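# Structural features, examined
Next come the chains, spelled out residue by residue.
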Amino acid sequence: GSPTGQVARGHVPVRRVGRGVRTERALQPTTKIRRPSSSGTSGSPTGFHRGGGAESPRPLISKKERRSLEEMASLYTLSVIAAWYFSNIGVILLNKYLLSVYGFRYPIFLTMMHMVMCAFLSMTVRASGIVPKQAIKGRKHAIKIAVLAVVFVASVVGGNISLRFIPVSFNQAIGATTPFFTALLSLFIMRQKESTQTYMTLIPIVLGIMIASKAEPLFHPVGFVACFSATFARALKSVLQGLLLTSDTEKLDSLNLLMYMSPVALFVLVASANIMEPDAFGVFYQNSLDSPQFFFTLMLNCVLAFSVNLTNFLVTKCTSPLTLQVLGNAKGAVAVVVSIILFRNPVSGIGMVGYGITIAGVVAYSEAKKRGKEAAAKRMGGGASSGVLELLGNEGEADRQRSGSKLSQMA
């Protein structure tokens with residue numbers, strides 16, 4: 001009962017912490033001392049057992065409960081992947097429907113509506129806490145984001161213009177050549193050389209699109225040029241993002257980057273729509289009055305444009321950047337099949353063979369990049385496991401693919 005906390009002989013000195021009394025060892029959070037029960041197990045809720053002179057905690061949950069949690073996690077991951085596929089394919093098909101089938105021939109205005117919805121919903125999701133908050137670090141950081149926003153606008157508008165003139169299947173075939181432009185721009189802008197094997201995989205990518213273009217029944221020169229320009233701009237944005245946002249403090253996930261790019265993109269799009277599509281605002285207003293279905297379709301299209309970025313973030317969080325890259329390769333093929341079924345656009349066997357060659361080249365490119373980065377990591381003597389090397393080796397490339405290709409799937 002002394003003020004210094006001394007007690008009778010044979011007991012451990014104690015110190016008062018807050019309202020409770022703990023031993024000196026009790027200051028460590030996992031070693032509370034409780035009176036042992038007659039079974040040799042402490043009375044703690046976690047159930048420490050005293051075997052072999054070392055204390056180890058019993059599992060807090062049973063095997064059945066653990067299995068149930070794992071099944072729930074797997075179901076959640078599958079649901080997120082399904083939502084990602086639905087959003088990516090849905091926004092492409094609705095863009096095609098509005099711009100080509102319905103006859104709303106204002107791709108710049110449509111992209112502007114996308115950005116309005118993306119700006120609003122990205123701020124809402126960020127405020128909800130689903131996505132971690134990342135701030136702009138200064139004026140220089142803001143200028144870099146503005147540059148990316150302008151290139152991003154060019155890629156999305158080009159993709160939407162192409163959908164007015166060419167079918168989704170041909171649009172996706174051209175879009176699959178993004179790695180070709182990425183590799184060339186990385187070489188000329190960043191002086192980043194790839195392995196010979198990586199450059200060899202670019203041959204089937206280009207060869208396949210040449211075959212598909214020659215055999216395309218609905219080939220249109222304006223749509224072809226617009227889609228190639230969009231693909232080039234998409235690759236340029238991914239390379240510039242790797243060049244400009246280099247430090248860890250400047251890197252942003254897809255949703256935060258979208259939120260910060262939205263104001264600049266909206267400024268460019270509103271000005272461009274007023275100059276190049278002055279009738280779009282009146283036509284949109286009149287169509288919304290005459291056809292509620294048009295207004296609902298366009299709003300659904302805008303929501304899906306944002307959902308592409310949200311599900312992109314969630315898929316990466318649940319799996320890995322490499323998984324997202326693999327899913328992206330498969331997504332193009334699924335979009336082609338679905339678009340042919342819905343829009344019944346004519347296709348040729350030679351064109352499909354060409355598209356298949358391009359997809360095979362994209363897969364080979366991804367594998368060559370992965371092996372090259374793993375070999376470089378081994379030469380550096382990292383000693384990391386193959387799983388860690390796979391994640392680290394593909395994170396930069398996948399970030400560029402996500403922010404450039406997946407983020408731009410609003411097109």
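Residues numbered from 1 in each chain as written. Predicted model: local features only at pLDDT ≥ 70, side-chain atom pairs only at ≥ 80, totals over all residues. Heavy atoms only, no water.

This part is about the overall build of the protein chain. A count of helices and strands for the protein chain gives 14 helices and four strands. When burial is assessed residue by residue, the protein chain has 46% of its 411 residues classed as buried. With an accessible surface of roughly 21300 Å², the protein chain has 64% of that area assigned to carbon and sulfur atoms. (Helix = DSSP H or I, 4+ residues; strand = E, 2+ residues; numbered from the N terminus. Buried < 20%, exposed > 50% of the residue type's maximum accessible area, 1.4 Å probe, protein only. Areas by Shrake-Rupley, 256 points an atom, 1.4 Å probe, with all protein chains shown as cover.)

To continue, consider the nonpolar core. Ranked by internal contacts, the top residues of the largest apolar core, which has 70 residues, are Phe-109, Leu-298 and Phe-306. For Phe-109, the residues in contact, after removing those within four places along its chain, are Phe-104, Glu-277, Ala-280, Phe-281 and Phe-284. Ranked by size, the runner-up nonpolar core spans 16 residues in total, among them Ile-174, Ala-176, Ala-212 and Val-362. (Core = buried A, V, L, I, M, F, W, Y, C linked by side-chain atoms within 4.5 Å. Contact = heavy atoms within 4.5 Å.)

Attention shifts here to the packing of helix 2 (residues 107-128) against helix 11 (residues 292-318). How two helices sit against one another is set out by the angle between their axes and by the gap between those axes. In the contact formed by helix 2 and helix 11, the axes pass within 8 Å of each other and the chain directions differ by 55°. When the axes of helix 2 and helix 11 are compared, the pair comes out oblique. As helix 2 packs across helix 11, the resulting crossing turns out to be right-handed. Taking contact as the criterion, the partners of Leu-110, Met-113, His-114, Met-117, Cys-118, Leu-121, Ser-122 and Val-125 in helix 2 are, on helix 11, Leu-298, Met-299, Asn-301, Cys-302, Val-303, Ala-305, Phe-306 and Leu-310. (Axes fitted to C-alpha atoms, helices over the stretch in contact; angles between N-to-C directions. Parallel < 35°, antiparallel > 145°, perpendicular 65-115°, else oblique. Left-handed = near helix turned anticlockwise from the far one by under 90°.)

Although it is not a glycine, Arg-191 sits at a positive phi angle of roughly 55°. Looking at the element boundaries, Arg-191 is found in the loop between helix 5 (178-189) and helix 6 (196-200). By relative accessible area, which is 65% here, Arg-191 ends up exposed. At Arg-344, a residue that is not glycine, the phi angle is positive and equals roughly 55°. Residue position: Arg-344 is located in the loop between helix 12 (321-343) and helix 13 (349-379).

It is worth spelling out the side chain of Thr-77 at this point. One can find Thr-77 in helix 1 (residues 63-101). Exposure remark for Thr-77: the relative accessible area of 19% places this residue in the buried category. Setting aside its immediate chain neighbours within four residues, Thr-77 contacts Cys-318 and Thr-319.

Take the pattern of salt bridges next. On inspection of all chains with the given rule, the structure shows two salt bridges. Residue Lys-144 pairs with Glu-250 through a salt bridge whose shortest N-O separation is 3.2 Å. Placement of the pair is Lys-144 in helix 3 (residues 139-165) and Glu-250 in the loop between helix 8 (221-244) and helix 9 (254-276), with a sequence separation of 106 residues. Comparing Lys-144 with Glu-250, the two get one shared label, buried. With its nearest N and O atoms 2.7 Å apart, the salt bridge here joins Lys-369 to Glu-194. Linking Lys-369 in helix 13 with Glu-194 in the loop between helix 5 and helix 6, this pair joins segments that are 175 residues apart in sequence. One exposure class covers both Lys-369 and Glu-194, and it is buried. (Salt bridge = Lys/Arg side-chain N within 4 Å of Asp/Glu carboxyl O.)

Time to look at the confidence of the model for the protein chain. Averaged over all residues, the pLDDT of the protein chain is 79; the fraction at 70 or higher stands at 77%. Taking the mean pLDDT of every element in the protein chain, the minimum, 40, falls on helix 14 (residues 386-406) and the maximum, 94, on helix 10 (residues 280-290). Within the model, the stretch residues 383-411 combines pLDDT values under 50 with 79 contacts to residues more than four positions away or in other chains. (pLDDT = per-residue confidence, 0-100.)

If you walk through the whole model with that rule in mind, you get 17 aromatic pairs. Here the aromatic rings of Tyr-97 and Tyr-102 are separated by 6.2 Å at their centres, their planes lie at 50°, and the arrangement is tilted. Under the relative-accessibility criterion, Tyr-97 is labelled partly exposed at 26%. Here Phe-170 and Phe-219 contribute two aromatic rings whose centre-to-centre distance is 6.0 Å and whose plane-to-plane angle is 55°, an arrangement assigned as tilted. Pair noted here: Phe-170 is in helix 4 (residues 168-175) and Phe-219 is in the loop between helix 7 (202-215) and helix 8, with a separation of 49 residues, a long-range link. Here Phe-219 falls in the partly exposed class, since its relative accessible area comes to 38%. Through successive ring pairs, a cluster of aromatic residues spans Tyr-97, Tyr-102, Phe-104, Tyr-106, Phe-109, Phe-281, Phe-284, Phe-294 and Phe-295. (Phe/Tyr/Trp six-rings, centres within 6.5 Å; stacked < 30°, edge-to-face > 60°.)

Within helix 10, the full set of buried residues consists of Ala-280, Phe-284, Asn-287 and Ser-288. For helix 10, the angular spread of the buried residues around the axis is 100°, confining them to a single face. Every exposed residue of helix 10 that faces more than 90 degrees away from the buried side is listed here: Tyr-285, Leu-289 and Asp-290. In this structure, the buried residues of helix 10 make contact with helix 2 and helix 11. (Arc of directions from axis to C-beta.)

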